[in-house]
Number of protein chains: 2
Amino acid sequence: MEVGQAIRLKRAVREFDAEPLLEQALRAILNAGRRAQSAKNRQAWHFIVLRNRQTLVELAKLGNYASHLSGAAAAIGILTPNPDERWSIMFDAGQAAAYMQLAAWDLGIASCPATIYQTEQARQLLGFPADLHLRVVFSFGYPADPGVLTAPPRPGGRKPLSQLVSFERWQDPLP
Amino acid sequence: MEVGQAIRLKRAVREFDAEPLLEQALRAILNAGRRAQSAKNRQAWHFIVLRNRQTLVELAKLGNYASHLSGAAAAIGILTPNPDERWSIMFDAGQAAAYMQLAAWDLGIASCPATIYQTEQARQLLGFPADLHLRVVFSFGYPADPGVLTAPPRPGGRKPLSQLVSFERWQDPLP
């Protein structure tokens, strides 16, 4: 799929088909995340892949609006150093997340982020060390409704450029 | 360009051709940023486009390793609410930044991030209000060496998957 088309059509999907993700697809998604840019090339991220149903069901209870995790074919959690240490930690995690979502979409695989609120329970569930933190986990899977993969963007889903772009000085319009 | 190819080949470029970016290209890049996902669809970002050479030269002095801004065909600063308010602010900014960089690369336009350290001077230079913050600005331009657009990734530029992926539990390997 062309870059422009993937960026235009990719949308969050919360309902997934039961079809599992093959290892090849998972690796393609993870490799995209690995390729993302990071401040000073630190690559201060670790990806934890979850396919075990019981784990996904437990994790879905550790955030609000995270229930889609329980029905995902797989999930990828992005472990990072403490996000409060410097702003670039979550900026870089966001870059890796964007790459993973686009690489998945390119394979017909949809995704949705979930914020983890009970972070200590997540640590116990997944066993990662105290110097790493889990704030966000992405569900992945083939969409229950394959039509979403080619549906045009929802009207009004994003603010128009005129509301969010300045040119040279604050609030001067684009030429 | 295919999504997978753009993700694999996109690299940071600091030296740019003098050729300006046409408005159509700038709008394609900005529209990609606008399409990125954000927590609760807040779209808590504002993009400030800079082409004025004097502004770029001044801005290049406001960060370390930011000198590439002075030679960029254009730059886009990502204004956000206070990054300390919640981790999702810079995570979402990172998602928008990744989309903009890939959309640019698809057009043969390279980019490089610059961190702004003298944030108050940047505010005075660009005139944005006190509730917005500028931490990162991206240079954009046609690369001085067009060969970078098709060069294979540098060996060792990224950690291998085996070092940064766990499966089901911390440090259990992928199957």
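Our structure is the block above this text.
Presented here is an overview of the structure given in this document. (Residues numbered from 1 in each chain as written. Chains lettered and ligands numbered in written order. Predicted model: local features only at pLDDT ≥ 70, side-chain atom pairs only at ≥ 80, totals over all residues. Heavy atoms only, no water.)

## Let's talk about the overall build of chain A
Along chain A, the regular secondary structure elements total six helices and five strands. For chain A, the α and β elements follow one another from N to C terminus as α-α-β-α-β-α-β-α-β-α-β. Here chain A has a C-alpha radius of gyration of 17 Å; the compact-globule value for 175 residues is 16 Å, and the two agree. The buried share of chain A, reckoned over its 175 residues, is 55%. When the accessible surface of chain A is split by element, carbon and sulfur atoms take 49% of a total near 7400 Å². Within chain A, the 15 negative side-chain charges are centred at a point lying 2 Å from the centre of the 19 positive side-chain charges. (Helix = DSSP H or I, 4+ residues; strand = E, 2+ residues; numbered from the N terminus. Rg over C-alpha atoms; globule rule 2.2 N^0.38 Å. Buried < 20%, exposed > 50% of the residue type's maximum accessible area, 1.4 Å probe, protein only. Areas by Shrake-Rupley, 256 points an atom, 1.4 Å probe, with all protein chains shown as cover. Lys, Arg positive; Asp, Glu negative; His and termini not counted. Charge placed at Lys NZ, Arg CZ, Asp CG, Glu CD.)

## Comments concerning the interface of chain B and chain A
Contacts between the two partners involve 73 residues from chain B, matched on the other side by 73 residues from chain A. Counting each side, the surface lost to burial between chain B and chain A is near 6700 Å², with a carbon and sulfur contribution of 59%. In terms of surface lost to chain A, no three residues of chain B exceed B:Trp87, B:Arg158 and B:Trp170, which account for 12% of the buried area on that side. Taken together, the connections running from chain B to chain A amount to zero salt bridges. (Contact = heavy atoms within 4.5 Å. Buried area = accessible area lost by both parts, 1.4 Å probe. Salt bridge = Lys/Arg side-chain N within 4 Å of Asp/Glu carboxyl O.)

## Observations regarding empty space enclosed by the protein
All told, the structure shown has two cavities of 30 Å³ or more when counted by the stated rule. Approximately 50 Å³ is the volume attributed to the largest cavity. Lining the largest cavity, in full, are A:Ser38, A:Ala39, A:Arg42, A:Gln43, A:Ala44, A:Trp45, A:Arg86, A:Ser88, A:Ile89 and A:Asp92. Taken together, the residues of the lining of the largest cavity sort by class into four nonpolar, three polar and three charged. In terms of lining, the second largest cavity is formed by B:Ala39, B:Arg42, B:Ala44, B:Trp45, B:Arg86, B:Ser88, B:Ile89 and B:Asp92. Classifying every residue of the lining of the second largest cavity gives four nonpolar, one polar and three charged. (1 Å grid on protein atoms, 1.4 Å probe; cavity = no way out; pocket = protein on both sides within 12 Å on 5 of 7 lines; lining within 4 Å. Points joined across faces, edges and corners; volume = space filled by probe spheres on them. Nonpolar A, V, L, I, M, F, W, Y, C, P; charged D, E, K, R; others polar.)

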